[in-house]
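So you can see what is in the structure, the chains are spelled out below.
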Amino acid sequence: MLEVTPLRYFVSAFEMGTISSAASGHGISQPSLSQALQKLEDTLGTPLFVRSRMGLRPTPAGRDLYHHAQSILRAVGDAERRFLKEPPLHLSLYTAPDVLLSAYQGAFHALRTSCPTLEMRFEQAAADAELAIVDKVCAPKGHRFTELYTEPYVLAVARSHPLAGRNRISIEDLRSVTLVSRRYCPRHDAMLAEFALADAPLKISAEAVNDQQVLELTGLGFGAAILPAGHLKLKSSLTGIPLDHEGLEHRSVGVAVKKTTFADEMFRTWMTGWATSPIRL
């Protein structure tokens, strides 16, 4: 008969790759966790890991059990939250400065309604978060990245700006345009290089620390800005002009998920809300 606690130990060992890390995560000794895994293997009649000095490598049976164990533990967690008085759940998140939270209101609403005791904490670094909303190029190596959408960059200007009626614009046309700088953008250096190749030095009117500031400054007439096209759906006073330059490419935005059962469960809940979000980029 399968027991829940050994399954939890097994999932941790599968995700962390070593007995020592899994034991530390559960606050038990390595021999205790090893014995629990051995008992689980004896119960199922098959090895779940190949053990070596390099750590644990799951067998085909181990990989199969991992998927079943995730479903079982999610069901147990749901039952515990329904019938037991549980302490609050804690979820760590990260959103890059070039990401606007307004676009994900449906996803965050799903977390709140599905997990009423959930407490969210925003981290300073993506690698420290269980869920991180980032450009693909910024996804931490220890996380699994799932793409949500791709979008081009455009020149964002106020609707009263002299360039507002243009259908397209080239880098050369931007020589006389004052811009709000986005140094935090992961593609900022590549954009600078493209401007340098075109002999079009940037004229900066302001430096922002996140894209919400850029939208407000641009709307107030402090200059234009090269922004992801989807941002303009959230600021009706701005319009976007497509950039006529291949080097100023699209970006791919998604969620980087820490490789743990809890993070995976929170991600699945988050995605149910994303699928029904009123603002889709």
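Everything in this summary refers to the structure shown in the same document.

Procedures and definitions
- Residues numbered from 1 in each chain as written.
- Predicted model: local features only at pLDDT ≥ 70, side-chain atom pairs only at ≥ 80, totals over all residues.
- Heavy atoms only, no water.
- Helix = DSSP H or I, 4+ residues; strand = E, 2+ residues; numbered from the N terminus.
- Rg over C-alpha atoms; globule rule 2.2 N^0.38 Å.
- Buried < 20%, exposed > 50% of the residue type's maximum accessible area, 1.4 Å probe, protein only.
- Contact = heavy atoms within 4.5 Å.
- Areas by Shrake-Rupley, 256 points an atom, 1.4 Å probe, with all protein chains shown as cover.
- Phe/Tyr/Trp six-rings, centres within 6.5 Å; stacked < 30°, edge-to-face > 60°.
- 1 Å grid on protein atoms, 1.4 Å probe; cavity = no way out; pocket = protein on both sides within 12 Å on 5 of 7 lines; lining within 4 Å.
- Points joined across faces, edges and corners; volume = space filled by probe spheres on them.
- Nonpolar A, V, L, I, M, F, W, Y, C, P; charged D, E, K, R; others polar.
- Salt bridge = Lys/Arg side-chain N within 4 Å of Asp/Glu carboxyl O.
- Pairing = 2+ DSSP bridges.

The next thing to look at is the overall build of the chain. A tally of regular secondary structure across the chain gives eight helices and 12 strands. For the chain, whose C-alpha radius of gyration is 24 Å, the value lies well above the compact-globule estimate of 19 Å for 281 residues. Projected onto its principal axes, the C-alpha coordinates of the chain cover approximately 75 × 40 × 25 Å. For the chain, with 281 residues in total, the buried portion stands at 44%. Across the chain, contacts joining residues at least 24 apart in sequence account for 75% of those joining residues at least 6 apart. Put simply, the chain shows about 14,600 Å² of open surface, and 53% of that area lies on carbon and sulfur atoms.

One pass over the structure, following the stated rule, counts five aromatic pairs. A ring pair is formed by F10 and F14, whose centres lie 6.1 Å apart and whose planes are at 55°; its orientation type is tilted. You can see F10 and its partner F14 sitting in helix 1 (residues 4–16), four residues apart, about one turn around the helix. The exposure class assigned to F14 is partly exposed, which follows from its relative accessible area of 21%. Put simply, the rings of F10, F14, F49 and Y66 touch in pairs and so form one group of aromatic residues.

Glancing now at empty space enclosed by the protein. Per the counting criterion, the structure on display carries one cavity of 30 Å³ or more. If you add up the space inside the largest cavity, you get close to 150 Å³. What lines the largest cavity is simply L179, V180, S181, R182, C185, H188, M191, L192, F195, L202, I204 and I226. Counting only elements with at least two residues in the lining of the largest cavity, the list comes to strand 8 (178–181) and helix 6 (188–197). For the lining of the largest cavity, the leading source of residues is helix 6, giving four residues. Here the residues of the lining of the largest cavity sort into nine nonpolar, two polar and one charged.

In this structure the tally under the stated criterion is 12 salt bridges. In this structure, the salt-bridge partner of R251 is D98, at a minimum N-O distance of 3.2 Å. Here the residue R251 occupies a position in strand 12 (residues 251–258), and D98 occupies one in the loop between strand 3 (90–95) and helix 5 (105–114), the gap between them amounting to 153 residues. Residue classification places R251 among the buried residues on the basis of a relative accessible area of 1%.

Attention now moves to the pairing of strand 7 (residues 153–158). Burial analysis of strand 7 places six of its six residues in the buried class, which makes it a mostly covered element. Across the two faces of strand 7 the burial is the same, with Y153, L155 and V157 and V154, A156 and A158 all buried. Of the pairings in the sheet, the one linking strand 7 to strand 10 (residues 225–228) comprises four bridges and is antiparallel in character. Bridging across to strand 10, V154 finds its partner in L227. As paired strands, strand 7 and strand 11 (residues 238–242) are joined by five bridges and run antiparallel to one another. Within strand 11, the position partnered with V154 by the bridge is P242.

Mapped onto the elements of the fold, S92 is located in strand 3. Looking at S92, the relative accessible area reads 3%, which means it is buried. In contact with S92, other than residues within four places in its own chain, are R121, E123, D128, A129, E130 and L131.

Within the span of helix 5, buried status applies to G106, A107, F108, A110 and L111. Of the surrounding elements, those touching the buried residues of helix 5 are strand 3, strand 4 (119–122), strand 5 (131–135) and helix 8 (261–274).

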